[in-house]
Structures are given as structure tokens and as C-alpha cells.
Amino acid sequence: MQSLQSFAFILIFVAVAFDVCKSDDCSNPLKIITVSQSGKADFKTIQSAIDSVPAGNSQWIHIQISSGVYKEQVLIPINKPCIYLEGDGSHSTSIEWGSHENATFISKADNTAAKGITFTNTLNSPVLLEATNITQARAAKIHADKCAFYSCSFLGVQDTLNDDYGRHYYNNCFIQGAVDFIYGQGQSLFEESTIYFSTGKSGVKKNGVIAAQYRDSPNDPSGFVFNKCNITGTGGKFLLGRAMDAYARVIVANSYISDGVKPEGWSQTTYVGHESNLTFVEEGCKGPGADKSKRVKWMKSLSRPELDKFLNISFIDDGVAPRRQADIVYNTLEDLAHMEAEQVPVDIEDIHEVPAGVDQVHVAMEEVPVNTEQVLIVDEEVYVAAEQVLIIDEDATHTDIEATARASKEEYVHIDGAFQGGPSG
């Protein structure tokens, strides 16, 4: 479970996207807490593991959750930031609860992340035959800044994911629901994720809405951006989004859209006559539902530079220009070099394509393009890359990256059969 790829994700994403890898946020050494229903771990419940974290925490806490269905409500309070929850995979580790009042999972603490977990609110499942019985049942509420979710699932029917407040990143996630099932005032980027319209296996056929966004002024930075996503579903027709406040913003780009979408695509709800304040956009999409000929007339169109501002990771980093890729590589290597030796080792077999006897760490995501180029892997050097977090400017080249990496060779972590490390501070 404590794979090198997992640690690399947390380290690179938090450091690059939110620039929080500084001493005043989350620091090393990493502390590991284990959870298992078998009793062969530090705790049997996820909440008890979180409760053990001291108030005012500023140290990375890696909570490893073994496979199983954990029937509990989970809260990360505001005074316990720097927590990373890692399950055994979204098909193996799940948190379930059925409640109208509270979400199954609530995060109020900044700098939190999760990977490989399914969050489910079971209240409307299976849905009764009368459609009026469907009610709010949130699988997760995220009311905190600088939060990331990787390979997680969020399952519900109405208001599944309350993306309430703060800057958030979702990658390779599965989000299911039928009524406003992604809603809130978050400033969030959803990438390479599946957005699935459904009322559940036993649900009634019902029309619905995917995104309900609450941006309330032209200066409000919030908005939902869906990039390279798969938008599909079954059991009814759906709108891509609707306005829940006067300046609502939802952007769908480079995504597949199924024929489940209604031809009009969007709704201004009560803001008739003020549609010019809304930002509902579709650009570069494909699929049977991507035909925009019958969309609402007030749907906006963005120029390429305007669109790029939202697709760039800087959208969730206050618009700060991202660092060159070479700088990211150097800083990541520097962070890796300072990781504490007493951390949990990762089997050398987990590291992608490492020749026997090599004493350098090779970390790479397979065939991930960076501005249409492939990630360069040089023997005895380290390149850490992921499309969602590594952004290369027009002046940076692979030659620049190689020169920077070679110049920083002394910063590398040398290993012999195991890698020692965790999220860096």
C-alpha cells in the first residue's frame, strides 16, 4: 500500500499545485498510523486514528487503511491538517454511512489528501419507487483549502459530493449521483475522472443535474473545471450544470459526453435575464452528447488563452504562474534527498523499471505526455512526472531538465534494495 507512486503523488501534487511543501505547513518526519478491522493495526476505525492526531498538527500523518467496509462517519476537524488517508484501492476500502444531516466523510482541515477509498452515503440506495423520496445524502463534504483526491469514488444520489469551499484537485476519481451531485462553492479541478449519472442499481428513471455551482460575484475565484473526463450515465437525462448563484461557473473541456445529456445542456435556474454573468463552457469535447447546436444560446465560448487559465494547475493556485518543469524536478529531488531514513521502506519491486543493483531511484508515470512530449528518463537520474501536476513552459526543454537533474545529482537518495521516504515538508 505504501507504494512509491503513492508517496510521489502526494509529494509532487501538494508541493507543486498548492506550494505548501514549506516548513510553515506540513513537515517531516512522516508519521504512519495503521487501521484494520482485523485488530492487527494501531486502530480498528478510521475516526479513532484521526482522533489520535494531536490538535494543531503540522506533521504529515499517513493513515494506511486496510481493505474492508468501514461503517462509520469520518470527520477531519479544522485543527488537524496534514493528514493523508490511503486505502487499499477504491474497490477494496470503503467508508459507508446513511444520513441526511451529515456527510459520510467531512474534511474541515487544510492540506488533506486521500487515495484509493470509496465514500458512500447509502441513504437513497436503493431508491424507492416514488421519486419524491430522494433526499440530500452527501458522501463527502470538503470545506478546507488545498485538498487532493486520487483514485477515489464518491457514491450517492442527491448532493453526492459537496465541494463546499477551498481549492481542490480530483484525479482518476469516480463520482456518481443524479441530483446536483457535485455542488458547492469550491475552486476545483477534476481531471481524468468519470462523472456518472445514476440513481443506483434499483433506482427510478429520473432526470437530473451534474454540477450545481455557487459562485456569487465576479471576484469569486470558485468554479468547477472538468478536464479530460468521461461524462456518462444511465436511467435518465441530465444537464451538465445549473446556476445556484448569480455568477456560477462550470467548464467542461476535452471530455467525452454521452447521449445522456439534454440538448440544452445548461440551466440558468432563477437568473433569467442575467445569463451574461454566468460562465458555462464546453470546449474540445467529443461523443454523441457533445453536439452544441441545440445548447442554450447564452453558453459562453472561451479563446484558447482564456481556456488555458482554467485548465492550467494554476487555476487552483491563485493564478500564480507555475514553475518551470526543470525547477519542479530539482525541488522534488531535493525534497526526496532530505526524507528521513527511519521511514517505512517500499519494496524495490514497486519501483517502475528499476534494473537490479541500481542505486538511484527511478520514478516515472508510464507514457505521461508533458506538453505533447514524453517524459524523459535518463539512466541513473530521476524524473518525477505526472500530467496533472507538471507544467512545462515554452522555454523549458528536456535538455534543460537533464542539465538541472545532473547538476543536482548529489541531492539524490541512494538506496540499496529499498526506498525510505514519505511526504516531504
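Parameters and conventions
- Residues numbered from 1 in each chain as written.
- Predicted model: local features only at pLDDT ≥ 70, side-chain atom pairs only at ≥ 80, totals over all residues.
- Heavy atoms only, no water.
- Pairing = 2+ DSSP bridges.
- Helix = DSSP H or I, 4+ residues; strand = E, 2+ residues; numbered from the N terminus.
- Disulfide = S-S within 2.5 Å.
- Buried < 20%, exposed > 50% of the residue type's maximum accessible area, 1.4 Å probe, protein only.
- Salt bridge = Lys/Arg side-chain N within 4 Å of Asp/Glu carboxyl O.
- Core = buried A, V, L, I, M, F, W, Y, C linked by side-chain atoms within 4.5 Å.
- Contact = heavy atoms within 4.5 Å.

Participant: Explanation requested: the sheet that holds strand β13 (residues 161–165) in the structure shown.
Facilitator: Backbone-to-backbone hydrogen bonds join strands into a sheet, with any given pair of strands oriented parallel or antiparallel. As summarised here, the arrangement of the 8 strands in space is β4-β7-β10-β13-β16-β19-β22-β25, forming an open sheet in which the pairing is parallel. The two strands at the open ends of the sheet, each matched to only one other strand, are β4 (74–76) and β25 (266–267).

Participant: Where do I start with the state of the cysteines in this structure?
Facilitator: Per the counting criterion, the structure on display carries 1 disulfide. Between the sulfur atoms of C26 and its disulfide mate C82 the distance is 2.0 Å. The disulfide joining C26 to C82 has a torsion of about -80° about its S-S bond and is therefore left-handed. One end of the pair, C26, is in the loop between α1 (4–17) and β1 (27–35); the other, C82, is in the loop between β4 and β5 (83–86), and 56 residues separate them in sequence. Here C26 matches C82 in class, with each residue buried. Of the cysteine sulfurs around C173, a residue in no disulfide, the closest is that of C152, at 5.2 Å.

Participant: Explain the pairing of strand β16 (residues 179–184) here, please?
Facilitator: Consecutive side chains of a regular strand alternate in pointing toward one face of the sheet and then the other. Among the 6 residues of β16, 6 are classified as buried, and the element is accordingly described as predominantly covered. Direction of pairing for β13 relative to β16: parallel, over a ladder of 2 bridges. What sits directly across from L161, in β16, is I182. Sheet analysis places β16 next to strand β19 (residues 208–213), joined by 4 bridges and oriented parallel. Following the sheet pairing, Y183 is matched in β19 by A212.

Participant: Any chance you could explain the pattern of salt bridges here in plain terms?
Facilitator: Pairs can form between side chains of opposite charge once their charged atoms are near each other. Under the criterion given, the structure shown has 5 salt bridges. Across the pair E96 and K71 runs a salt bridge whose closest N-O atoms are separated by 3.3 Å. Linking E96 in strand β6 (residues 93–97) with K71 in strand β3 (residues 68–71), this pair joins segments that are 25 residues apart in sequence. Note that D145 and R167 form a salt bridge whose closest N and O atoms lie 2.7 Å from each other.

Participant: Looking at this structure, I do not really get the nonpolar core. What am I missing?
Facilitator: Generally speaking, a soluble globular protein has its nonpolar side chains buried in company with each other. Ranked by internal contacts, the top residues of the largest apolar core, which has 62 residues, are I63, F149, F154, I182 and F226. Dropping the residues within four chain positions of it, F149 is found in contact with F105, A114, I142, F154, Y169, Y170, N171 and C173.

Participant: Looking at this structure, how should I read unusual backbone geometry?
Facilitator: Comment: phi is negative for the bulk of residues other than glycine, and the bulk of peptide bonds are trans. In this structure, S151 takes a positive phi of about 55° despite not being glycine. Relative to the assigned elements, S151 resides in the loop between β11 (147–150) and β12 (153–155). For S151, a relative accessible area of 18% corresponds to the buried category. Phi is positive for D180, close to 45°, though the residue is something other than glycine. Relative to the elements of secondary structure, D180 occurs in strand β16.

This is a description of form; function is not addressed.
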